[in-house]
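Structural characterization, general
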Amino acid sequence: MKSILFVLTNHADLGTTGKKTGYWVSEVAHPYNHLKNHFNITFASPKGGVAPVDPGSVQAHADDAEVIAFLADPVAKDMIANTKVLSTLKPADYDCILYPGGHGPMYDLYSDATSVEFCRQMYEDKKIVAALCHGPAGIAQVKLSDGSYMVKGKNVTGFANTEEDAVQLSQFMPFLLEDVLKANGGIYSKTADWGSHVVVDGKLVTGQNPGSALDLAKKVEDLLA
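Predicted model, so just to flag it, every value in this text is computed and none were measured. (Residues numbered from 1 in each chain as written. Predicted model: local features only at pLDDT ≥ 70, side-chain atom pairs only at ≥ 80, totals over all residues. Heavy atoms only, no water.)

Observations regarding the pattern of salt bridges
Counting across every chain of the model gives 5 salt bridges. A salt bridge links Lys182 to Glu178, with the shortest nitrogen-to-oxygen separation between them at 2.7 Å. Note that Lys182 and Glu178 are positioned in helix α8 (residues 177-183) at a spacing of 4 residues, about one turn of the helix. Residue class for Glu178 comes out buried when judged on its relative accessible area of 7%. The structure contains a network of salt bridges with shared partners spanning Glu117, Arg120 and Glu124. (Salt bridge = Lys/Arg side-chain N within 4 Å of Asp/Glu carboxyl O. Helix = DSSP H or I, 4+ residues; strand = E, 2+ residues; numbered from the N terminus. Buried < 20%, exposed > 50% of the residue type's maximum accessible area, 1.4 Å probe, protein only.)

Below, the structure written as structure tokens:
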């Protein structure tokens with residue numbers, strides 16, 4: 001059975017808003033539920049321990065059956081409460097690395113040296129790299145052994161500037177994800193705000209927003225088959 005590593009954020013404060021953030025629950029729940037019976041899944045984070053969930057996401061998905069099932073899943077609950085410290089793991093042990101979103105990754109995974117290096121090794125070892133919504137913040141700064149950005153010349157997507165504007169959080173972000181993906185050479189595309197949009201370029205899989213979560217998981221499953 002192949003193995004998938006979900007890399008989650010440890011960051012819980014939404015800039016200077018006074019609000020909390022973390023991972024967006026549906027972006028973990030939908031892929032996890034779809035993949036858990038077919039792959040070994042590990043949850044990790046830079047610091048280990050509890051991965052904070054964005055409370056707004058729990059409210060937004062209060063009627064989402066997949067999220068309800070995920071939040072009640074004893075295995076998932078234990079893994080979320082006790083994420084592995086990423087630096088203690090080895091890229092060779094995984095077939096896919098998956099970065100879910102939520103605004104948290106914009107603050108820690110974007111610049112976390114361990115995560116960036118882990119992702120580089122997996123990509124250069126021809127493993128699958130997947131990132132969803134704000135999750136591409138975790139791959140945007142990855143540089144390959146030749147010094148080029150991993151996303152350079154690659155077809156990618158991620159949370160759109162128009163979507164960040166729509167939730168009125170652009171001014172609180174340390175950067176805008178769409179802008180950084182483009183600046184680092186990514187060939188960025190998007191669909192209408194909140195619509196599902198998943199881009200596959202070789203072993204690189206990116207999804208635009210929360211609505212892309214299940215489709216991203218299906219693409220990952222296809223690539224791992």
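Additional details are given in the paragraphs that follow.
Quick look at the packing of helix α1 (residues 25-35) against helix α3 (residues 65-72)
Contact geometry for α1 and α3: axes closest at 9 Å, N-to-C directions at 85 degrees. Between α1 and α3, the angle is such that the two are roughly perpendicular. Of α3, the residues touching α1 (which contributes Val25, Ser26, Val28, Ala29, His30, Tyr32 and Asn33) are Glu66, Val67, Ala69, Phe70 and Leu71. Taken together, the residues of the contact of α1 with α3 sort by class into 8 nonpolar, 3 polar and 1 charged. (Axes fitted to C-alpha atoms, helices over the stretch in contact; angles between N-to-C directions. Parallel < 35°, antiparallel > 145°, perpendicular 65-115°, else oblique. Contact = heavy atoms within 4.5 Å. Nonpolar A, V, L, I, M, F, W, Y, C, P; charged D, E, K, R; others polar.)

Side note on the nonpolar core
Counting 67 residues, the largest nonpolar core has Ile4, Leu5, Phe43, Phe70, Ile139 and Met150 as the members making the most contacts within it. Beyond its immediate chain neighbours, meaning those up to four positions away, Ile4 contacts Leu35, Phe39, Asn40, Ile41, Thr42, Tyr94, Cys96, Leu98, Val220 and Leu224. (Core = buried A, V, L, I, M, F, W, Y, C linked by side-chain atoms within 4.5 Å.)

As for the pairing of strand β8 (residues 198-201)
Within a regular strand, the side chains alternate between the two sheet faces. Of the two faces of β8, only the one carrying Val199 and Asp201 is buried; Val198 and Val200 on the other face are not. Alignment of β8 against strand β9 (residues 204-207), held across 4 bridges, turns out to be antiparallel. Note on β9: the bridge partner recorded for Asp201 is Leu204. (Pairing = 2+ DSSP bridges.)

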